[in-house]
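Structure assessment
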Amino acid sequence: AQSVTQLDSQVPVFEEAPVELRCNYSSSVSVYLFWYVQYPNQGLQLLLKYLSGSTLVKGINGFEAEFNKSQTSFHLRKPSVHISDTAEYFCAVETSGSRLTFGEGTQLTVNP
Amino acid sequence: DTAVSQTPKYLVTQMGNDKSIKCEQNLGHDTMYWYKQDSKKFLKIMFSYNNKELIINETVPNRFSPKSPDKAHLNLHINSLELGDSAVYFCASRNLVRGYGYTFGSGTRLTVV
């Protein structure tokens, strides 16, 4: 069975600072990986996904993530965050094709 | 033109009542899901339908019953509501193709008092 671990439950940063949200997965088969963002009182929105090919994936709102197969990681990064990036971020993995398994989420808080 | 719409957005009800949450998607997707998000933001899958057929039925109380009249609709009926059912319930849809991400609705916040 696959699982997803988000290593930080909360990440506070100052505006315009860089940020990395960490995600590790465990699976014995090939995986597809996703990052979703949830703004307060809203549903989840797809930020980016890794299916195959280049290990550096670019998404919306200036976010990118790097797939590292040897370390089974898929960390999300942004070089300069804005107040509006404050949200809950979820890493997710798909292996069986019928469902996504989500991590427990990381609350990113951007302070002025 | 909301892609996945859920109604109602908020639902406050007393213990023991029966309630339904409706979900509709206009994306032409063939698969729909219900997820429960608890107070710690953890997302747990409950059910999934593919072309009106139940394909995922996780361990949830049998007071919860999904119904899919067609592939664009997936409703969730809950009998004899309990305090522990308070949560945000999300509907999602996708095409059942590997690597195809979900599109989520905006959620229904259920509060049982």
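Residues numbered from 1 in each chain as written. Chains lettered and ligands numbered in written order. Predicted model: local features only at pLDDT ≥ 70, side-chain atom pairs only at ≥ 80, totals over all residues. Heavy atoms only, no water.

What to know about the state of the cysteines
Enumeration according to the criterion identifies two disulfides over all chains in this entry. There is a disulfide in this structure between Cys23 of chain A and Cys91 of chain A, and the S-S distance comes to 2.0 Å. Because the sign of the S-S torsion sets the handedness, a value of about -70° for the bond joining Cys23 of chain A and Cys91 of chain A places this disulfide among the left-handed ones. Placement of Cys23 of chain A in strand S4 (residues 23-26) and of Cys91 of chain A in strand S10 (residues 87-94) is noted, with a sequence separation of 68 residues between them. The class for Cys91 of chain A is buried, based on a relative accessible area of 0%. Linked covalently through their sulfurs, Cys23 of chain B and Cys91 of chain B form a disulfide whose S-S length is 1.9 Å. One quick way to see it: the torsion about the S-S bond of Cys23 of chain B and Cys91 of chain B is about -80°, and its sign makes the bridge left-handed. Taken together, the positions of Cys23 of chain B in strand S3 (residues 19-25) and Cys91 of chain B in strand S9 (residues 87-94) put the pair 68 residues apart, joining distant regions of the chain. Of the two residues, Cys23 of chain B and Cys91 of chain B, neither departs from the other in class, the shared state being buried. (Disulfide = S-S within 2.5 Å. Helix = DSSP H or I, 4+ residues; strand = E, 2+ residues; numbered from the N terminus. Buried < 20%, exposed > 50% of the residue type's maximum accessible area, 1.4 Å probe, protein only.)

Some remarks on the interface of chain B and chain A
Each side of the interface is counted separately: chain B has 24 residues, and chain A has 22 residues. In terms of surface lost to chain A, no three residues of chain B exceed Arg98, Gly99 and Phe104 of chain B, which account for 32% of the buried area on that side. At the junction of chain B with chain A, the criterion picks out three salt bridges. With a closest N to O distance of 3.5 Å, Glu94 of chain A and Arg94 of chain B form a salt bridge. Taken together, the links from chain B to chain A amount to six residue pairs in polar contact (both at pLDDT 80 or more). (Contact = heavy atoms within 4.5 Å. Buried area = accessible area lost by both parts, 1.4 Å probe. Salt bridge = Lys/Arg side-chain N within 4 Å of Asp/Glu carboxyl O. Polar contact = N/O pair within 3.5 Å; in protein donor to acceptor, adjacent residues only side chain to side chain.)

Let's talk about the nonpolar core
By size, the foremost hydrophobic cluster in this structure holds 28 residues, and its most contacted members are Leu33, Trp35, Leu47, Leu48, Phe74, Leu76 and Tyr89 of chain A. Dropping the residues within four chain positions of it, Phe74 of chain A is found in contact with Cys23, Leu33, Phe34, Trp35, Leu48, Lys49, Tyr50, Ala65, Glu66 and Phe67 of chain A. (Core = buried A, V, L, I, M, F, W, Y, C linked by side-chain atoms within 4.5 Å.)

Describing the environment of Arg63 of chain B
All names here are of chain B. Within the secondary structure layout, Arg63 lies in the loop between strand S6 (53-57) and strand S7 (64-70). Sequence separation between Arg63 and His77 is 14 residues, and the spatial gap between their C-alpha atoms is 8.0 Å. Look past the residues within four positions of Arg63 in its chain and what remains in contact with it is His77, Ile78, Asn79, Ser80, Leu81, Glu82 and Asp85.

A short note on the layout of surface pockets
A volume near 320 Å³ is recorded for the largest pocket. Together, 24 residues line the largest pocket, and Gln38 and Asn41 of chain A together with Gln37, Val88 and Arg109 of chain B are the ones closest to its centre. Counting residues per element, the lining of the largest pocket draws most heavily on strand S11 (residues 108-112) of chain B, at four residues. Here the lining of the largest pocket is built from residues that sort into eight nonpolar, eleven polar and five charged. In this structure, the second largest pocket encloses a volume near 190 Å³. Around the second largest pocket, the lining is made up of 13 residues, and of these Thr101 and Phe102 of chain A together with Phe42, Leu43 and Ile45 of chain B lie nearest the centre. (1 Å grid on protein atoms, 1.4 Å probe; cavity = no way out; pocket = protein on both sides within 12 Å on 5 of 7 lines; lining within 4 Å. Points joined across faces, edges and corners; volume = space filled by probe spheres on them. Nonpolar A, V, L, I, M, F, W, Y, C, P; charged D, E, K, R; others polar.)

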